[in-house]
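Structural characterization, general
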Amino acid sequence: MSLTAGLVGLPNVGKSTLFNAITKQNILAANYPFATIEPNVGIVTVPDERVKFLSDLYKPKKTIPATFEFTDIAGLVKGSSKGEGLGNKFLSHIREVDAICEVVRCFDDDNITHVSGKVDPIRDVEDINLELILADLEVAENRLNKMGKKARMSSDKEAKKEAELLEKIKDALTKEICLRNLEFDEEELLILKPFHFLTLKPIIYVANVNEESLTNENKYVKDLKEYASKENAEVVVICAKIEEELSDLDDEEKKEFLNDLGINESGLDKLVKASYKLLGLSTYLTAGPDEVRAWTYKQGMKAPECAGIIHTDFQKGFIKAEIMSFDDLKKYGSELKVKEAGKLRLEGKEYVMQDGDICHFRFNV
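Residues numbered from 1 in each chain as written. Predicted model: local features only at pLDDT ≥ 70, side-chain atom pairs only at ≥ 80, totals over all residues. Heavy atoms only, no water.

What about the overall build of the chain?
The helix and strand inventory of the chain stands at 14 helices and 12 strands. Across the 365 residues of the chain, 49% fall into the buried class. In the chain, the share of contacts with a sequence separation of at least 24, taken over all contacts with a separation of at least 6, comes to 68%. Just so you have it, the chain exposes about 18,900 Å², and 48% of that area is on carbon and sulfur atoms. (Helix = DSSP H or I, 4+ residues; strand = E, 2+ residues; numbered from the N terminus. Buried < 20%, exposed > 50% of the residue type's maximum accessible area, 1.4 Å probe, protein only. Contact = heavy atoms within 4.5 Å. Areas by Shrake-Rupley, 256 points an atom, 1.4 Å probe, with all protein chains shown as cover.)

As for the packing of aromatic side chains
Per the stated rule, a full pass over the model turns up 10 aromatic pairs. Between F53 and F326, the aromatic rings sit 5.3 Å apart at their centres with planes inclined by 80 degrees, giving edge-to-face as the arrangement. You can see F53 sitting in helix α2 (residues 49–58) and its partner F326 sitting in helix α13 (residues 326–332), a full 273 residues away along the chain. When the centroid spacing of 5.8 Å and the interplanar angle of 90 degrees are considered together, the rings of Y284 and F361 count as edge-to-face. Pair noted here: Y284 is in strand β8 (residues 281–287) and F361 is in strand β12 (residues 357–363), with a separation of 77 residues, a long-range link. No difference in accessibility class separates Y284 from F361, as the two residues are buried. Of the aromatic side chains, those joined through ring pairs into one cluster are Y284, W295, Y297, F318 and F361. Sitting over the face of the ring of F107, R105 holds its NZ or CZ atom 4.8 Å from the ring centroid. Taking NZ or CZ as reference, R293 lies 4.0 Å from the ring centre of W295, over its face. (Phe/Tyr/Trp six-rings, centres within 6.5 Å; stacked < 30°, edge-to-face > 60°. Lys NZ or Arg CZ within 6 Å of the ring centre and 35° of its normal.)

Describing unusual backbone geometry
A negative phi angle characterises most non-glycine residues, just as the trans form characterises most peptide bonds. Residue K59 is not a glycine yet carries a positive backbone phi of 50 degrees. Even without being glycine, N232 reaches a positive phi, approximately 55 degrees. The topology assignment puts N232 in the loop between α7 (219–229) and β7 (234–238). For N232, a relative accessible area of 75% puts it in the exposed group.

What to know about the nonpolar core
Formed by 71 residues in total, the largest nonpolar core has its most connected members in L18, F68, F70 and Y205. If sequence neighbours within four positions are ignored, L18 has contacts with L7, V103, V206, I238, A240, E243 and L271. One finds A159, I169, L179 and F195 within the second-largest nonpolar core, a separate group that totals 18 residues. (Core = buried A, V, L, I, M, F, W, Y, C linked by side-chain atoms within 4.5 Å.)

A closer look at the pattern of salt bridges
Enumeration according to the criterion identifies 18 salt bridges in this entry. The shortest N-O distance in the salt bridge between K62 and E291 comes to 3.8 Å. Of this pair, K62 sits in strand β3 (residues 62–64) while E291 sits in strand β9 (residues 291–298), and the two are 229 residues apart along the sequence. Residue K62 is classed as partly exposed on the basis of its relative accessible area of 46%. (Salt bridge = Lys/Arg side-chain N within 4 Å of Asp/Glu carboxyl O.)

Structural notes on the sheet that holds strand β2 (residues 40–45)
Pairing in this open sheet of 6 strands is mixed, and the strands run β2-β4-β1-β5-β6-β7 from one edge to the other. In this open sheet, the two edge strands, each paired with only one partner strand, are β2 and β7. Across the sheet, the mean angle from the axis of one strand to that of its neighbour is 25 degrees, orientation sign disregarded. Pairing analysis gives 6 bridges linking strand β5 (residues 99–105) to strand β6 (residues 203–208), with the strands arranged parallel. (Pairing = 2+ DSSP bridges. Axes fitted to C-alpha atoms, helices over the stretch in contact; angles between N-to-C directions.)

Here's the deal with the side chain of N208
Among the structural elements, N208 can be located in strand β6. Of note is the side chain of N208, whose polar atom sits 3.0 Å from the backbone nitrogen of A240. Once residues within four sequence positions are removed from consideration, N208 is found in contact with V13, G14, V103, V104, R105, C106, F107, I238, C239 and A240. (Polar contact = N/O pair within 3.5 Å; in protein donor to acceptor, adjacent residues only side chain to side chain.)

Quick look at the side chain of R105
Examined against the element boundaries, R105 turns out to sit in strand β5. Among buried Asp, Glu, Lys and Arg side chains, R105 stands out as unpaired, with D108 the closest opposite charge at 5.8 Å. Among the polar contacts made by the side chain of R105, one reaches the main-chain carbonyl oxygen of F107 at a distance of 3.1 Å. Reaching out from R105, the side chain makes a polar contact with the backbone oxygen of D109 at a distance of 3.2 Å. (Lys, Arg positive; Asp, Glu negative; His and termini not counted.)

Side note on the environment of K230
Here K230 shows up in the loop between α7 and β7. The class for K230 is exposed, based on a relative accessible area of 67%. For the pair formed by K230 and N181, sequence separation is 49 residues and the distance between their alpha carbons is 9.2 Å.

A look at helix α11 (residues 303–310)
Of all the residues in α11, the buried ones are A303, P304, C306, A307 and G308. On its buried side, α11 packs onto β8, β9, α12 (312–316), β10 (318–325) and β12.

Structure below.
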């Protein structure tokens, strides 16, 4: 499944440095605004110990982990909603992502200029939110103006429902409330989908800190966590500079480096997992002597839909899914022993896939 998170933030907060770690590409990370002009897309492996376990067990010809896509988007400045800086490009690019990872500077460094002159994470977040709110407000108002009063008063139930919903949205945005903090039912979300409202997208705040603050939370991070808690958003603490250094190391060197820092997981791994969770994604697995592979699916998907991720023919001709859980395989040590324990099962078209299911799909085309 192709879902992507956009890395956004003010200029010089560490977006491109973090993106370098994600892709190991040499993207320009200069100490001035707009070092990144066109959005850059990078694919990162989703950390999953289950894939390694299966690879060691089956010793396949190839092992393919699940991946996740990040887009590095040009720095936003005040007035972006009115076209300031690279505003229009920024807003059009962010509309294309499924979730927002907002990188926020949470460290002092006299050698790195701040676009506002002083480090203040809450002000930075509010500046970005306001630009996104203003952009959304323009979309809502334009649509309402196009519909006109007649549509809002008509007997057309769909038009009336849309107009009432847009009025509700306009009212919230006018009060500077992000749409993700409102509640919508499934029907309303379906109506809103074509508008690609920016403040409706789920968000993670990425606190970029210096090395000292990785294990000793500073005031900036505490303030950001308090702010994020009000909208039930997660804060992932990283040091972009260290993440870039880690990206050049092999697994053993990386583990040793992290131990020296007093942490057991890199910030990037935490960010990938948090982004995956934010979008409601999970992993099912296929395993055999030819290939061990992790497949990304949306939570709530049924077996035929998940089979279709591999190939549309699998979904069209779906018969049954032969499934065992990863935990059972790890417990019993082999497929045969899982089967002998009565833990290998056949599931039909209504089966809702579970994270960690190891599947073999039966189909007929």
